[in-house]
Structure formats: structure tokens, C-alpha cells
Amino acid sequence: MEAGALIIIFALLVLFAFLGLGAWATVKAVGAAKRGVDRTISQARRTVEDTALKAKSFGQVGVAGALAQLRLDLRTSMRATQQALYQGVQADASLKESIGLFERLSAHGYELDDELKRLEQEPDRARTGAMLPELKERTAKITEAADSLRWAARDRARRFAEDDLSALSAQIEVESGALRDWSRESVDDLAAAAAAWDAQQPPAGRGACAGPSGGPAARTPEPPAALNPTPPQSGYPWQKAPRPETTT
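Counting of residues starts from 1 at the beginning of each chain's written sequence and follows it residue by residue. The predicted origin of the model limits local features to residues at a pLDDT of at least 70 and limits the giving and counting of side-chain atom pairs to 80 or more, whereas totals for whole chains, interfaces and linings rest on all residues. Only hydrogens and water are set aside; all other atoms, that is, all heavy atoms of the structure, feed into the side-chain values.

### Here's the deal with the overall build of the protein chain
Under the convention used in this document: The helix and strand labels rest on DSSP assignments: H or I over at least four residues marks a helix, E over at least two residues marks a strand, and numbering proceeds from the N terminus. Between buried and exposed lies partly exposed: a residue is buried under 20% and exposed over 50% of the maximum accessible area for its type, with that area taken using a 1.4 Å probe on protein chains only. Any two residues having at least one pair of non-hydrogen atoms within 4.5 Å are treated as being in contact. Methods summary: accessible areas were calculated by the Shrake-Rupley approach with a probe of 1.4 Å, and residue burial reflects only the protein chains presented.
Looking only at helices and strands, one finds four helices and zero strands in the protein chain. Going through the 248 residues of the protein chain one by one, you find that 18% of them count as buried. Considering only contacts within the protein chain whose residues lie at least 6 apart along the sequence, 64% involve residues at least 24 apart. Total accessible area on the protein chain is roughly 19,700 Å²; 61% of this is exposed by carbon and sulfur atoms.

Here's what the structure looks like:
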């Protein structure tokens, strides 16, 4: 009975573990899907708002058009800088400090964007028009700082790419020279080996070689076959001897 109870308890524990794992995976999947939906909605909202701002900046004049242009300039600069920094930090960890500065700058950018957005609904256009110089100055400061960070990050990435390309070109030149030297050495080695082999061969057209005591060798080469024809083969015992030709 005790063994059966232990088996049942173990099976229940395994079942609960699988259920818990399934619930955790479901929560993670739902969270990822929710984040994806939120991201898509945010991107769609930004696209719609940017399109509306472009339409206002081109279609309206006066204070409303000026406010829309300021918001459009601010959002375009901040978004481009954010993209450049967060993509560049994946290859260059030193940009983390720049990202920290950009986040502090983003707080001022959000504050200014909210203020410009509220002023778009402000009915007192005269007072809003009087605030435009100060708003333009604040917008210029934020966008210039964002542009400075963005271009510095791009210049840094381009300089690293140029240095890497220069180092790679130098390595390729060294490797190419080594390959060419290897090819010449191989040809020289083959030529030297061929010359050594030819030197070990006896010279052509010479007669019998001298023996160890300086006398003639024990065996002389046979003359060519055309000058020393092979003798006729002896007949078999059952063959008749050829008859001599008669003179008559």
C-alpha cells in the first residue's frame, strides 16, 4: 500500500509540474503577444500622428502650422537619434553612456512635445504666438543635442569600419605576398629536384662503363636489333629439313 501511495503522489507531482509549466508558457506567450500588439498599436499611432502633423504644417498657416512644424521636427530628430543609438550599442558597448544622456534629453523632449500638443488646442492664439520664439529656442536646443549624439555615434561607427577595413586590407596584402612566395618556392624546388635527377643519370651515347679496376665492364651493350638479326629458330623434331634448291 505504501508503494502504491508513493507512486500516486509522484504521479500527482509530475502532473502538477506539467500543469504549472503549461500555465507559465501560456502566460509568457500571452505577454509576448500583448507586447507585440501594443508595439504595433504604438507604431500605428505614431504614424497617424506624424501624418497629421505633416498635413497641419503644410496645410495651415500661422500659429497652428508653426506648432505642428515644431512637433514634427522634434519627433523626427528624437526618433532618428534613438534608433541610431540603440542599434549602435549592439556593436559598440561604449554607447551606453550616450544612451543614458539621450534618455535624460528625452524627458525634456516629451515635456516639450506635450506642451506643444496642449498649445495646439489653446484658443488664445495671440498668447500662443507670443510664446513661439521661446518654444522654437527650446526645440532647437533639444534637436541640436539629439543630432549631435546621432552624428557622433555614426561618425564613430564609420571610423571603426574604416579602421577594420584598413587592417583587413593589410592582412590580405600580407597573405597574398605569402601565397606568391610559396608558389615561387614550389617551382624552384621542382626545378632543383629535376636538375638533381638529371645529374644522377648516365650520359647518353657513351660506350661501356669502366669496371671497378678501370678495365672494361663485364658486359657490353648489344648493337641495335637491325644490325644483329635474331637467328632462325631450330626446327621441331617432327619437321622435315628443307630441301636444297637445285641448280637446274
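Structure shown, so let's carry the discussion forward.
### Considerations on the packing of aromatic side chains
As a reminder, the rule being used: For Phe, Tyr and Trp, rings pair up if their centres lie within 6.5 Å, where Trp contributes its six-membered ring, and each pair is then called stacked (planes under 30 degrees apart), edge-to-face (over 60) or tilted (otherwise). The rule for a charge over a ring is simple: NZ of Lys or CZ of Arg within 6 Å of the ring centre, and within 35 degrees of the ring normal.
Under the counting rule described, the total for this entry stands at zero aromatic pairs. The lysine or arginine in question, Arg154, covers the ring of Trp151, its NZ or CZ lying 5.2 Å from the ring centre.

### Some details on the confidence of the model for the protein chain
Low-pLDDT stretches of the model should not have their predicted coordinates read in fine detail. Short version of the rule: The predictor attaches a confidence to each residue, and that confidence, scored 0 to 100, is pLDDT.
Residues of the protein chain with pLDDT of at least 70 account for 66%, and the chain-wide mean is 76. When the elements of the protein chain are averaged for pLDDT, helix H1 (residues 2-59) gives the smallest value, 71, and helix H3 (residues 96-120) the largest, 93. When the criterion is pLDDT under 50, residues 207-215 qualifies, and its contacts beyond four places in sequence or with other chains add up to six contacts.

### Description of the packing of helix H2 (residues 63-88) against H3
We count it as follows: Angles run from 0 to 180 degrees between N-to-C directions of axes, and those axes are lines fitted to C-alpha atoms, restricted for helices to the stretch in contact. Here is the rule for angles: anything less than 35 degrees is roughly parallel, anything more than 145 is roughly antiparallel, 65 through 115 is roughly perpendicular, and the remaining ranges are oblique. Two helices that cross are described as forming a left-handed crossing if the nearer one is turned anticlockwise from the farther one by less than a right angle, and a right-handed crossing if clockwise. Residues are grouped as follows: Ala, Val, Leu, Ile, Met, Phe, Trp, Tyr, Cys and Pro are nonpolar; Asp, Glu, Lys and Arg are charged; every other residue, Gly included, is polar.
As a packed pair, H2 and H3 sit with axes 10 Å apart at the nearest point and diverge in direction by 160°. The angle between the axes of H2 and H3 places the two elements in the roughly antiparallel class. Pair H2 / H3 crosses with left-handed handedness. When grouped by side-chain class, the residues that make up the contact of H2 with H3 number 13 nonpolar, five polar and six charged.

### Some words on the pattern of salt bridges
Short version of the rule: Whenever Lys or Arg places a side-chain nitrogen within 4 Å of a carboxyl oxygen from Asp or Glu, that contact is recorded as a salt bridge.
Under the defined criterion, the tally for this structure stands at 10 salt bridges. With a closest N to O distance of 2.7 Å, Arg150 and Asp147 form a salt bridge. Note that Arg150 and Asp147 are positioned in helix H4 (residues 125-200) at a spacing of three residues, about one turn of the helix. Using a relative accessible area of 25% as the deciding quantity, one classes Asp147 as partly exposed. Salt bridges linked by common partners bring Arg71, Arg75, Asp113 and Glu120 together as one network.

### With respect to the nonpolar core
Worth spelling out the cut-off: Residues belong to one nonpolar core when they are buried, are Ala, Val, Leu, Ile, Met, Phe, Trp, Tyr or Cys, and are joined through side-chain atoms within 4.5 Å.
Counting residues in hydrophobic clusters, the biggest one holds 21 residues, and the most contacted among them are Leu67, Met78, Leu112, Leu116, Leu132, Leu135 and Ile142. Looking at this core, the elements with two or more residues in it are H2, H3 and H4. If you tally residues by element for this core, the top one is H2, at seven residues. Residues in contact with Met78, not counting those within four places in the same chain, are Phe102, Leu105, Ser106, Ile142 and Ala146.

### Overview of the side chain of Thr81
Relative to the helices and strands, Thr81 is located in helix H2. Setting aside its immediate chain neighbours within four residues, Thr81 contacts Phe102, Ala146, Asp147, Leu149 and Arg150.

### Notes on the side chain of Thr128
One can find Thr128 in helix H4. On the basis of relative accessible area, Thr128 is assigned to the buried category, the value being 1%.

### So, the environment of Ser106
Within the fold, Ser106 resides in helix H3. On a C-alpha basis, the gap between Ser106 and Ile142 in space is 8.6 Å, while along the polypeptide they are 36 residues apart.

### Digging into a nonpolar patch on the surface
Put simply, the rule is: Like-charged residues within 9 Å of one another, or nonpolar side chains (Val, Leu, Ile, Met, Phe, Trp, Tyr) within 5 Å, are grouped into patches, provided each residue has over 30% relative accessible area and no salt bridge.
A surface patch of nonpolar side chains, amounting to about 500 Å² of accessible area, comprises Ile8, Leu12, Leu15, Phe16 and Leu19. Within the secondary structure layout, Ile8 lies in helix H1.

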